[in-house]
Amino acid sequence: MLALPFETALAALLEPFERAAADDFARLASVGDLESRVAQQAAHLAALSIPPDAQRIALRVRAHFETPLSGDARRKAVGDALEWLAPLRTDDWADTALARNVSTLPGVGPRRAEAL
C-alpha cells in the first residue's frame, strides 16, 4: 500500500527525533545535522495541503530548530517536538481530519462548503 504524502513527510520528520530520543536520549549527540534536517523536513510537511492545525505544529517545530542547539536545550527541544507531533501520530488522526467540515479549510466559506 502506498503511503500518503503526509505520512511520508511526517515519518521523515519523526525519524531523527526517534533516533535522538532512543535509549533515554543516549544518541542525541550523535544525530548529525539534527537542526537543519528537522527544519527542512518540518517546512516540507507544512507546505503540504494539510489542515491548519497540522500546519501550525509543523511550523512550530521548524521555528524551534532553525538555530543550532546543544546539550539540555537540544534534549528539551526534541522532547517538546515529539510532544507537539504526538497528535499527528495517532492512528485515527487522518480519519478525524478527513471527517471535519470542509469550511474549516482555508478559503472555504459557508457558500463554498455548501456547494461541496
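Refer to the structure printed above.
Quick caveat, the model's predicted, so the values are computed rather than measured.

About the thresholds
- Residues numbered from 1 in each chain as written.
- Predicted model: local features only at pLDDT ≥ 70, side-chain atom pairs only at ≥ 80, totals over all residues.
- Heavy atoms only, no water.
- Helix = DSSP H or I, 4+ residues; strand = E, 2+ residues; numbered from the N terminus.
- Expected span 1.5 Å × (residues − 1).
- Bend = angle between axes of the 7 residues up to and from the residue.
- Buried < 20%, exposed > 50% of the residue type's maximum accessible area, 1.4 Å probe, protein only.
- Core = buried A, V, L, I, M, F, W, Y, C linked by side-chain atoms within 4.5 Å.
- Phe/Tyr/Trp six-rings, centres within 6.5 Å; stacked < 30°, edge-to-face > 60°.
- Salt bridge = Lys/Arg side-chain N within 4 Å of Asp/Glu carboxyl O.
- Polar contact = N/O pair within 3.5 Å; in protein donor to acceptor, adjacent residues only side chain to side chain.

## What about helix H1 (residues 5–25)?
- Taking 1.5 Å as the rise per residue, H1 with 21 residues should run 30 Å; its terminal C-alpha atoms sit 28 Å apart, in good agreement.
- Of all the bends in H1, the greatest, near 35 degrees, is centred on Glu 18.

## Looking at helix H4 (residues 71–89)
- With 19 residues, H4 extends 26 Å between its outermost C-alpha atoms, agreeing within 8% with the 27 Å of an ideal straight helix rising 1.5 Å per residue.
- Where H4 bends most, the angle comes to about 25 degrees, and this point is Glu 83, followed within four residues by the proline Pro 87.
- Those residues of H4 that fall on the buried side of the exposure criterion are Arg 74, Ala 77, Val 78, Asp 80, Ala 81, Leu 82, Trp 84, Leu 85 and Leu 88.

## Here we look at the nonpolar core
- Among the nonpolar cores identified, the biggest contains 30 residues, and Phe 17, Val 61, Phe 65, Val 78 and Leu 85 are the most heavily contacted of them.
- When residues of this core are traced back to their parent elements, those giving at least two are H1, helix H2 (34–47), helix H3 (52–64), H4 and helix H5 (93–98).
- Here this core gets eight residues from one element, more than from any other, and that element is H1.

## Structural notes on the packing of aromatic side chains
- Tallied over the entire structure, the rule returns one aromatic pair.
- Between Phe 17 and Phe 65 the ring centres are 5.3 Å apart and the planes differ by 55 degrees, which places this aromatic pair in the tilted class. One end of the pair, Phe 17, is in helix H1; the other, Phe 65, is in the loop between H3 and H4, with 48 residues separating them in the sequence.
- Under the relative-accessibility criterion, Phe 17 is labelled buried at 0%.

## Quick look at the pattern of salt bridges
- A complete count under the given rule lists eight salt bridges for this structure.
- In this structure, Arg 74 and Glu 35 form a salt bridge, with 2.9 Å as the shortest nitrogen-oxygen distance. In this pair, Arg 74 sits in helix H4 while Glu 35 sits in helix H2, placing the two residues 39 residues apart along the sequence. Glu 35 shares its class with Arg 74; the two are buried.

## Notes on the side chain of Arg 74
- Taking relative accessible area as the criterion, Arg 74 reaches 9% and is therefore assigned buried.
- In this structure the side chain of Arg 74 is engaged in a polar contact, spanning 3.0 Å, whose partner is the backbone oxygen of Leu 28.

## Quick look at the environment of Asp 92
- Note that Asp 92 resides in the loop between H4 and H5.
- Looking at Asp 92, its side chain comes within polar contact range of the side chain of Thr 90, at 3.2 Å.

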